[in-house]
Amino acid sequence: MTDIISLTVLEGSLASGKCTLRMTPNTETIRFLRTWRGMEIRPATFKFGESAVSYTFLGVMSDTGGALFSVPLPVTEAAVFRVKGDVLTISSPVAVEYAASSEGLVPLLRAYGERNRAKKVDTPVVGWNSWDNFNASVMERDIIANMDGIEKLPWLRKELSHIIVDDGWQTNWGEWSVNGKFPSGMDGLAKEIHRRGFKAGLWLAPLMVEPAAPLYQRTPECLLKDSLGNPYLINLGHTRTFYGLDVSVKKSQEFLRDTFRRVRDWGYDYLKLDFLYNQAGVLESGAHAADASWSTNRHVAEALSIIRDAVGKDVFILACNPLYELGDANINEARMTGDIASFWENSELALQALAARFFMLKKWMLGDPVFTIVRVPGKTWADGAERFHVQMAANREQDPNSGWRRGPAWDEEGMKFALAVVILSGGSIILGDHIPQLNERGLSYIKKALEYGRGEPGYPLDLNGKQYLPCVFRNDRLIAFFNPFPTPHVFDVPGIRAGKEIFTGDMCRDIVTVPPRAVRMFELR
């Protein structure tokens, strides 16, 4: 077998974890597969000769084979693979493994996932979360209305176990006390959720602090600093700005411990911890900790350790924007995509994340594919219009790609595209729509997610150097043909017996034509 690339060592060695290599392609079409430390991946692949960075692993692929640079997990610090032209520079805390195969990159990645399998992977959750529909405007009455709506649907109530209150309950980020929109208090709401037989979930961004929070005003020594010694400003592109908690400071550790003991005492069974890498990542772009020896990874790892100790082992923890190289220590699930929203680009980004992380799912940890949302005005939404805003503050009239939710609003095909990613992730199914507002067509899509989801994660059949994104995925029950392109695409069915399409009921033929920005997903026979 001839490797698809030849490697020349310019400096160091793979065994030392520090080296520089020159890569010479042995085939015409070479692409790389990469991953990022946070949730979003943009793009998942890049061409030979382009510059990009990957963490934990770097995949090389063509239509004649594959190769993989990787490190065993977990590791305390990130392995970084920097590609510039034909030169690869590696910085890793441990020895780097290299493997090549004439069968392509997918078998190498699946084997890598197996070698690093966690001792125990948690069972996916079925729940409802307030964020995508209500955003930070959520009120206690919205939580009650959705529990009422779920209870009116016996088939959904039987499956759904968790009610999760997202951003909007707190006074400020960094001031984790209840605001006036929740008159029963967070302990009172947890009791009501439990009274109805659900488990109670709560969102926090434990490493983020708003300027109005007392922590910023009264104990600025708890915050990361800039080069002048002032609190380091983090702009997330939201309507507010934030500062980062310095976990190396004892008072910050006490703040985390006290906060999460209080949350535990309120009675919450599930925690969604957001913006983990966003805060700690600024240490790599100009921020300074009081203890300069503390790295990005140590900040996140220590924070999670403190939180787990405070809430106990039985509380389910979802980590958003996690550091995957830390493994599953002190968490139960990790977000594997960027935030979904009812816009086309968010659907495509979800597919990019599945392409880059399929081999991690239910092996390294349970992977959260973000919300299952099925609303499409005029199709699945009861009154034909969305009641709540669906985009972050931005002037979309002047710039349709502004904000974090970009591009055109999705249609029903775009919604099914994102739903197929949720199903093939094998992860939790967390509903994000206002349940009373969905019509029977909308509810039918939730039934599909419950019927086909939470199973074996899918893997790509066409991960090669020919296109920027794999489009054909399968697991033990389904085969899916994704078309992320703006024109119709024709797929040959790859020697697999397939039956009906799960959304339309159409039977699979030898050739599958998929409309623009759509998916067709068939049962396997």
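Secondary structure summary: the chain contains 12 helices and 30 strands in total. For the C-alpha atoms alone, the extent of the chain along its principal axes is close to 65 × 60 × 50 Å. In the chain, the proportion of contacts linking residues at least 24 apart, taken out of those at least 6 apart, comes to 71%. Working note: accessible area of the chain is about 20100 Å², and carbon and sulfur atoms make up 48% of it. On the chain, the mean spot of the 60 positive side-chain charges and the mean spot of the 62 negative ones are 3 Å from each other.

All right, on to the environment of Ile-90 then. Secondary-structure assignment places Ile-90 in strand β9 (residues 87-91). Setting aside chain neighbours within four positions, we find Ile-90 in contact with Leu-14, Gly-17, Lys-18, Cys-19, Leu-21, Phe-69, Val-80, Phe-81 and Val-96.

Here we come to the sheet that holds strand β1 (residues 5-13). Taken in spatial order, the 5 strands make up an open sheet running β1-β2-β9-β8-β5, and their pairing is antiparallel. Where the open sheet ends on each side, the last strands, each with one partner, are β1 and β5 (52-55). This sheet shows a mean twist of 20° between the axes of neighbouring strands, independent of strand direction. Pairing analysis gives 5 bridges linking strand β2 (residues 18-25) to β9, with the strands arranged antiparallel. In the strand pairing of β9, Leu-21 is matched with Leu-88.

Right, let's get into the nonpolar core. Phe-69, Trp-169, Leu-202, Tyr-268, Leu-271 and Phe-482 are the most contacted members of the largest nonpolar core, which totals 165 residues. Looking at this core element by element, the count peaks at 9 residues for helix α11 (residues 412-425). Apart from the residues within four sequence positions on either side, Leu-202 is in contact with Ile-164, Val-165, Trp-169, Met-186, Val-263, Trp-266, Tyr-268, Tyr-270, Leu-271 and Lys-272. Counting residues in hydrophobic clusters, the runner-up holds 13 residues, among them Ile-479, Phe-491, Val-512 and Val-514.

A word on the packing of helix α10 (residues 344-357) against α11. In the contact formed by α10 and α11, the axes pass within 9 Å of each other and the chain directions differ by 25°. Compared by their axis directions, α10 and α11 come out roughly parallel. In this structure, α10 crosses over α11, and the sense of that crossing is left-handed. Facing Trp-344, Ser-347, Glu-348, Ala-350, Leu-351 and Leu-354 of α10, the residues of α11 in contact are Gly-414, Phe-417, Ala-418, Val-421, Leu-424 and Ser-425. Considering only residue class, the contact of α10 with α11 consists of 8 nonpolar, 3 polar and 1 charged.

Once that is clear, we can look at the pattern of salt bridges. When charged atoms on two side chains of opposite charge get close, those side chains can pair. Enumeration over the complete set of coordinates arrives at 21 salt bridges. In this structure, Asp-132 and Arg-375 form a salt bridge, with 2.5 Å as the shortest nitrogen-oxygen distance. Here Asp-132, found in helix α2 (residues 131-134), pairs with Arg-375, found in the loop between β22 (366-368) and α11; they are 243 residues apart in sequence, far enough to count as distant. Residue Asp-132 shares its accessibility class with Arg-375, and that shared class is buried.

This part is about the pairing of strand β6 (residues 57-62). The element β6 is extensively covered by neighbouring structure, given that 6 of its 6 residues are classed as buried. Relative to β6, strand β3 (residues 31-33) runs antiparallel, the two being bridged by 3 bridges. In the sheet register, Leu-33 faces β6, and the bridge partner there is Gly-59. Pairing geometry for β6 and strand β7 (residues 65-70), over 6 bridges, is antiparallel. Looking at the pairing, Val-60 lines up with Ala-67 of β7. Between β6 and β7, which pair antiparallel in sequence order, lie 2 residues.

For Asp-476, the position within the fold is in the loop between β25 (472-474) and β26 (478-483). Judged by its relative accessible area of 48%, Asp-476 falls in the partly exposed class. A C-alpha to C-alpha distance of 43 Å links Asp-476 and Arg-257, two positions 219 residues apart in sequence. Those residues in contact with Asp-476 that lie beyond four places of it in its chain are Glu-456 and Leu-524.

Our focus in this paragraph is the sheet that holds β6. A sheet is described by the order of its strands in space; here 5 strands give the open sequence β4-β3-β6-β7-β10, paired in antiparallel fashion. Two strands bound the open sheet, and with one partner strand each, they are β4 (45-47) and β10 (97-101). Direction aside, the axes of adjacent strands within the sheet are offset by 20° on average. Inspection of the sheet shows β3 paired to β4 by 3 bridges, in the antiparallel sense. Note on β4: the bridge partner recorded for Phe-32 is Phe-46. Lying on the sheet, helix α1 (residues 105-115) is in contact with β3, β6, β7 and β10; it crosses β7 at an angle near 30°.

Another point: the packing of helix α3 (residues 140-151) against helix α5 (residues 185-195). Angle between the axes and distance between the axes: these two values describe a pair of packed helices. Where α3 contacts α5, the two axes come as close as 12 Å, and the packing angle between them is 5°. Accordingly, the angle class assigned to the pair α3 and α5 is roughly parallel. Note on element contacts: α5 touches α3 through Gly-185, Leu-189, Glu-192 and Ile-193, opposite Glu-140, Ile-143, Ile-144 and Met-147.

Next up on the list: the layout of surface pockets. Each pocket or cavity is described by its volume, and for the second largest pocket that value is around 180 Å³. Considering the residues around the second largest pocket, the lining is formed by 16 residues, among which Ala-301, Leu-304, Leu-326, Ala-329 and Asn-330 are closest to the centre. In terms of residues, the lining of the second largest pocket owes the most to one element, helix α9 (residues 296-311), which gives 4 residues.

The terminal C-alpha atoms of helix α7 (residues 250-266) lie 24 Å apart, and with 17 residues this matches the ideal 24 Å at 1.5 Å per residue to within 8%. Buried residues of α7: Ser-252, Gln-253, Phe-255, Leu-256, Thr-259, Phe-260, Val-263 and Trp-266, and no others. Buried residues in α7, looked at end-on, bunch into an arc of 155°, giving them a common side. Turned more than 90 degrees away from the buried face of α7 sit Lys-250 and Asp-265, all of them exposed. For α7, the elements touching its buried residues are β14 (175-178), α5, β15 (199-204), α6 (214-218), β19 (270-273) and α9.

The next thing to look at is the side chain of Asn-129. Within the secondary structure, Asn-129 is located in strand β11 (residues 126-129). Residues in contact with Asn-129, not counting those within four places in the same chain, are Ile-164, Asp-166, Lys-272, Phe-371, Ile-430, Leu-431 and Gly-432.

Conventions adopted
Residues numbered from 1 in each chain as written. Predicted model: local features only at pLDDT ≥ 70, side-chain atom pairs only at ≥ 80, totals over all residues. Heavy atoms only, no water. Helix = DSSP H or I, 4+ residues; strand = E, 2+ residues; numbered from the N terminus. Contact = heavy atoms within 4.5 Å. Areas by Shrake-Rupley, 256 points an atom, 1.4 Å probe, with all protein chains shown as cover. Lys, Arg positive; Asp, Glu negative; His and termini not counted. Charge placed at Lys NZ, Arg CZ, Asp CG, Glu CD. Pairing = 2+ DSSP bridges. Axes fitted to C-alpha atoms, helices over the stretch in contact; angles between N-to-C directions. Core = buried A, V, L, I, M, F, W, Y, C linked by side-chain atoms within 4.5 Å. Buried < 20%, exposed > 50% of the residue type's maximum accessible area, 1.4 Å probe, protein only. Parallel < 35°, antiparallel > 145°, perpendicular 65-115°, else oblique. Left-handed = near helix turned anticlockwise from the far one by under 90°. Nonpolar A, V, L, I, M, F, W, Y, C, P; charged D, E, K, R; others polar. Salt bridge = Lys/Arg side-chain N within 4 Å of Asp/Glu carboxyl O. 1 Å grid on protein atoms, 1.4 Å probe; cavity = no way out; pocket = protein on both sides within 12 Å on 5 of 7 lines; lining within 4 Å. Points joined across faces, edges and corners; volume = space filled by probe spheres on them. Expected span 1.5 Å × (residues − 1). Arc of directions from axis to C-beta.

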